[in-house]
Amino acid sequence: MTEPRPLPATIADTQAALLAQDYVAERQLATVVHLALRLKRPLFLEGEPGTGKTEIARTLARMLGRPLIRLQCYEGLDLAGAAYEWNYARQMMEIRLAEATGADRAALAADLFSERFLIRRALLQAIDPAQPVPPVLLIDELDRADEPFEAFLLEVLADFQITIPELGTIAATHPPIVVLTSNRTREIHDAVKRRCLYHWVDYPDAARELTILQRRVPGAGAELARQIVAFVQRLRTIELYKLPGIAETLDWARALLELDSIVLDPEVIQHTLGVLLKYQDDIAHVQGSEALRLLTEAQQAAKAMA
């Protein structure tokens, strides 16, 4: 791993450092990222899927030369899956060996819940004082976890520590950079939000999305890039079950490059809608005359962007 780099000194420096990693952040997002870094506060990012929330954590890890520890949330996630658990199999082996050798039971009991039997999961790894470099901790899609799980996070978010009843409190010597994301499939409790700086990550406007596409998919020609962005921007104005995010825009651009497309045409749109849209009802809604209408508008908008 490379040596960690110092934190940016100003908001402009933060914005420039993100851009150097091909993350195109508007001023408001750069400001809240800068404040989270300087104030050592967790950063809570909420927004639609595919708008670049998770990518912020990855970008910060690269930008600052720090390891990334990711906790992917899911229904049923508990303390054992997120923070720590005891190695019960190894403890049982120690008990049986002690019984076979006649070892001191009191000494064995005291040793069974020592650190050598502790299995560290993502949260405990992130605050481990033995970490040579404070990592970036990504708690991804918190809204997928059950509400009671949020209570486990409060001690970590407030004090960067975890209390283990059998062992005591483990606290970070230097706090990690913490990024939490949510797709807002449910509301996150106020107690979590109060411990964080908050930002809503929205879909980008056409100019920013074009810049993102040109940096992330440099092989796309200028005219194709403008048409892709204009088409996706118009696609987000119609009623769909799931609007395409930036991730889908970039995937579509790469797919069109693979097909040697120079500009958009009705046939290529018809054949590649499954890259942009992930539900059959959405695809059926856009196919045919609606796709042709969006293409016509996109072509006109692309000329205006030139």
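Residues numbered from 1 in each chain as written. Predicted model: local features only at pLDDT ≥ 70, side-chain atom pairs only at ≥ 80, totals over all residues. Heavy atoms only, no water.

## Some remarks on the overall build of the chain
The number of helices and strands found in the chain is 15 helices and nine strands. Projected onto its principal axes, the C-alpha coordinates of the chain cover approximately 85 × 45 × 35 Å. In the chain, which comprises 306 residues, the share counted as buried stands at 47%. A separation of at least 24 residues holds for 75% of the contacts in the chain among residues at least 6 apart in sequence. Carbon together with sulfur atoms contributes 53% to the accessible area of the chain, which is approximately 15,000 Å² in total. The positive charge centre, built from 33 side chains, and the negative charge centre, built from 42, are 5 Å apart in the chain. (Helix = DSSP H or I, 4+ residues; strand = E, 2+ residues; numbered from the N terminus. Buried < 20%, exposed > 50% of the residue type's maximum accessible area, 1.4 Å probe, protein only. Contact = heavy atoms within 4.5 Å. Areas by Shrake-Rupley, 256 points an atom, 1.4 Å probe, with all protein chains shown as cover. Lys, Arg positive; Asp, Glu negative; His and termini not counted. Charge placed at Lys NZ, Arg CZ, Asp CG, Glu CD.)

## Structural notes on empty space enclosed by the protein
Tallying each qualifying case throughout the model produces one cavity of 30 Å³ or more. When its volume is computed, the largest cavity comes out at roughly 30 Å³. Surrounding the largest cavity, Ala-36, Leu-37, Arg-41, Leu-43, Leu-60, Ile-177, Val-178 and Val-179 form its lining. Of all elements in the fold, only α2 (27–39) and β8 (177–182) reach the threshold of two or more residues within the lining of the largest cavity. Sorting elements by how many residues they give to the lining of the largest cavity places β8 first, with three residues. Grouping the constituent residues of the lining of the largest cavity by class yields seven nonpolar, no polar and one charged. (1 Å grid on protein atoms, 1.4 Å probe; cavity = no way out; pocket = protein on both sides within 12 Å on 5 of 7 lines; lining within 4 Å. Points joined across faces, edges and corners; volume = space filled by probe spheres on them. Nonpolar A, V, L, I, M, F, W, Y, C, P; charged D, E, K, R; others polar.)

## Some details on unusual backbone geometry
It is generally the case that most residues other than glycine have a negative phi and that most peptide bonds are trans. At Phe-160, a residue that is not glycine, the phi angle is positive and equals roughly 50°. Relative to the helices and strands, Phe-160 resides in the loop between α8 (149–159) and β6 (161–164). One non-glycine residue, Arg-184, lies in positive phi territory at about 60°. Take Arg-184: it is sitting in the loop between β8 and α9 (190–194).

## With respect to the sheet that holds strand β1 (residues 43–47)
Sheet architecture is open: five strands sit in the order β2-β5-β8-β1-β9, paired in parallel fashion. Every other strand in the sheet has two partners, leaving β2 (68–72) and β9 (197–201) as the edge strands with one partner each. If you compare each strand with its neighbour and ignore which way they point, the axes differ by 20° on average. Contacts from α2 reach β1, β8 and β9, with the element oriented near 155° to β9. Across the face of the sheet, helix α3 (residues 53–64) comes into contact with β1, β2, β5 (136–140), β8 and β9 while running at roughly 165° to β8. (Pairing = 2+ DSSP bridges. Axes fitted to C-alpha atoms, helices over the stretch in contact; angles between N-to-C directions.)

## A look at the layout of surface pockets
Put simply, the largest pocket is a space of about 610 Å³. Pro-49, Gly-50, Thr-51, Gly-52 and Ala-247 are, among the 31 residues lining the largest pocket, the residues nearest its centre. Of all elements in the fold, only α3, α10 (206–216) and α12 (246–258) reach the threshold of two or more residues within the lining of the largest pocket. Here the residues of the lining of the largest pocket sort into nine nonpolar, seven polar and 15 charged. Estimated volume of the second largest pocket: approximately 200 Å³. Leu-37, Lys-40, Arg-66, Pro-175 and Ile-177 are, among the 14 residues lining the second largest pocket, the residues nearest its centre. At the level of elements, α2 and β8 are the ones that each hand at least two residues to the lining of the second largest pocket. Among the residues forming the lining of the second largest pocket, the class breakdown is ten nonpolar, one polar and three charged.

## Here we look at the packing of aromatic side chains
Throughout the structure, instances matching the rule amount to five aromatic pairs. Measuring from centroid to centroid gives 5.9 Å for Phe-149 and Phe-152, while their planes differ by 75°, and the two rings are edge-to-face. Remark: Phe-152 and Phe-149 occur in helix α8; sequence separation between them is three residues, near one turn of the helix. For Phe-149, a relative accessible area of 2% gives the class buried. When the centroid spacing of 5.4 Å and the interplanar angle of 45° are considered together, the rings of Phe-231 and Trp-252 count as tilted. One end of the pair, Phe-231, is in helix α11 (residues 222–235); the other, Trp-252, is in helix α12, with 21 residues separating them in the sequence. By the burial criterion, Phe-231 is buried, and Trp-252 matches it. Taking NZ or CZ as reference, Arg-90 lies 5.2 Å from the ring centre of Phe-117, over its face. (Phe/Tyr/Trp six-rings, centres within 6.5 Å; stacked < 30°, edge-to-face > 60°. Lys NZ or Arg CZ within 6 Å of the ring centre and 35° of its normal.)

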